[in-house]
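Examining the three-dimensional arrangement
The residues making up each chain are set out below.
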Amino acid sequence: MKSVRIFPRAPIGAYLLAIVLAIALPILAFVALLLLQLEDNERSALRRDTVQDAQVLARGIDRQLQDMATTLRILSTSPELEKSDFSAFHERTTSALASEALYVILVDAEGRQFLNTRRPYGTPLQRMSNLPALWSALNSQKTEVSDVFIGATSGEPVFNVTMPLPPTAPGAALIATQNAKELAQLVSVDGLPPGWSAAVLDSSGHVVVASGPANLAPASAFFPDLLPDMTATSGSIQGRAVLPRNLLGYAQIPGWSWKIAVWGPIASAQSSITSTWRFLIIGGIALLSIALIAVYVVARQVRGTIRNIAKMADRMGRGDIVSPIETSVIEANQVAVALSNASFDRSQTEDRLHFVMHELVHRTKNLLALAQAMMRQLAKQTDSIDAFQRAVSDRLEGLARSIEVLTSEQWSGVSLRRLIDIHLATFLQAPQQLDVRGTDFLLKPEAVQNLGLALHELATNSVKYGALSVLGGRIEISWADIPGENGSLLRMTWKEFNGPSVSEPTHAGFGTTVIRTHAAAAFSGSVDIEFRSEGLQWVLTAPRHTMERD
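First, a word on scope: everything that follows refers to the structure included in this document. A quick note: this is a predicted structure, and the numbers were derived from the prediction, not measured. (Residues numbered from 1 in each chain as written. Predicted model: local features only at pLDDT ≥ 70, side-chain atom pairs only at ≥ 80, totals over all residues. Heavy atoms only, no water.)

**Concerning the packing of helix H9 (residues 416-424) against helix H10 (residues 445-465)**
- Following both chains from N to C, one finds H9 and H10 inclined at 40 degrees, their axes separated by 9 Å at the closest point. Looking at the two axes, H9 sits oblique to H10. For the pair H9 and H10, the sense of crossing is right-handed. Contact with H9, carried on its side by Leu416, Leu419, Ile420, His423 and Leu424, involves Val448, Leu451, Gly452, Leu455, His456 and Ala459 of H10 and no other residues of that element.
- Across the contact of H9 with H10, the residue classes tally to eight nonpolar, three polar and no charged. (Axes fitted to C-alpha atoms, helices over the stretch in contact; angles between N-to-C directions. Helix = DSSP H or I, 4+ residues; strand = E, 2+ residues; numbered from the N terminus. Parallel < 35°, antiparallel > 145°, perpendicular 65-115°, else oblique. Left-handed = near helix turned anticlockwise from the far one by under 90°. Contact = heavy atoms within 4.5 Å. Nonpolar A, V, L, I, M, F, W, Y, C, P; charged D, E, K, R; others polar.)

Laid out in structure tokens, this is it:
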């Protein structure tokens, strides 16, 4: 099945460039996303700050209006007013308010003026100019602030704070009037972003006083298109045609009919975001340029390194032993060392393979020779094809078990205890039938095959005629070192107990040959067999070095 190519064929430089772009572009995109989020957060914060700025200015105007209302309450309780001594009241009020640019008017319900501190007492006075504000305050019986209007006496934009008087007072209302321009100092734009303006608006949407670059004149109409959206206690307006790319915040002056408006261009309030965007664009271009130059340099270096490694691999493929090369890339050096080691390992492996093949041929010849010897002995001892086949199958099974355990250990040898367990496992009816005693040691591969044959034959005979043929029978296998003339000898004993009575056979078959003659010859030792009444006893005495692996 043809594999699907995910990535196209391309030089290393193209892939390095792709890696740079795959890393840089998502980072730049993520930073841009963060800036957009920051810009949105800044704009939300700007809306809140704009409303808060309007509320701060509203509190300043509120204090001024509250001070005017407090002044009226104090004056309304003066003894001169209670005695209707208007001349004394005029003189006292004029003196008290001379430094505040604040004037007081006493009127009746029709708006006729009893006195006006803007004029000397006794000067003939007309009706007040702003009758609707008077009548509104008299109807509500609350102190109210009027809309801005052109005063008849002052001839410039003014506003009134009207306080209704009780019925027993000599007049319907006491009014504090002030020029609108006197509030300019309370509407400062010093704390606002550059290019922003602020204004005090009356209930009809006219400017009481304004400051900032908008330069709105007192008593002029504020932006009519925005007034319908300024009905809440406070809020912000953005993106209107009359103020494009501008933000306006407003706040109601608590307890009064006036509002404060603060507005200006969003860009000037978010100049830091704009400069950050500019830095991101310029920095991103610079970063990509530097990355492209770095990619070109690195690509050349890596390409040369890969070509040198490829040459090493080509030589190794031809069977040469290669030496590692030194490069500026640590990983490439590791690959070079690995290729060099692999070339040496390959040479050694080839030598080892030749040795293994030779060893395999040798072992196969030995096994075939052993099998041929068994066949010849069995052919002499059996008188029928069936008996011959059964005997061959039985002996080959024991040999196969020895070879199997040797193969599992890669022909390095097997412990004596494990060999015993493997060959007797299928013959035991219960684990307690076998008792093994002796210090375990590792057998040579040849000893595993030969001793395995003897053990298998002993177990087979025991199942047929000896202790393993009955449930109560038991076998004891033990070994120990004994001194000899030419070195240490190993004596290994097979004893059977509680089995049926045994007697020495009248003729020696192949089984007897295996456990006596073959075992003695294989280990250059001697074998003694006793057919005791309680069971067979088999003793192998041989030099230890013929069995134990070095």
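**Topic: the packing of aromatic side chains**
- Scanning the model with the defined rule gives five aromatic pairs in all.
- Centre to centre, the rings of Phe86 and Phe114 are 5.6 Å apart; their planes meet at 20 degrees, and the pair counts as stacked. Taken together, the positions of Phe86 in helix H3 (residues 86-96) and Phe114 in strand E2 (residues 113-116) put the pair 28 residues apart, joining distant regions of the chain.
- Using a relative accessible area of 16% as the deciding quantity, one classes Phe86 as buried. (Phe/Tyr/Trp six-rings, centres within 6.5 Å; stacked < 30°, edge-to-face > 60°. Buried < 20%, exposed > 50% of the residue type's maximum accessible area, 1.4 Å probe, protein only.)

**What to know about the sheet that holds strand E8 (residues 207-211)**
- Taken in spatial order, the five strands make up an open sheet running E8-E7-E11-E10-E9, and their pairing is antiparallel. The sheet is open, and its two edges are formed by E8 and strand E9 (234-238), each paired on a single side. Strand-to-strand, the axes of this sheet are offset by a mean angle of 15 degrees, without reference to chain direction.
- Bridging between strand E7 (residues 197-201) and strand E11 (residues 259-265) involves five bridges; their strand directions are antiparallel. Bridge assignment links Ala198 to a residue of E11, and that residue is Val262. (Pairing = 2+ DSSP bridges.)

**Concerning the side chain of Thr162**
- By the secondary structure assignment, Thr162 is in strand E5 (residues 157-164).
- You can call Thr162 buried: its relative accessible area is 1%.

**Topic: the side chain of Asn450**
- Inspection of the secondary structure assignment puts Asn450 in helix H10.
- Apart from the residues lying within four places of it in its own chain, the contact partners of Asn450 are His518, Ala522 and Phe523.

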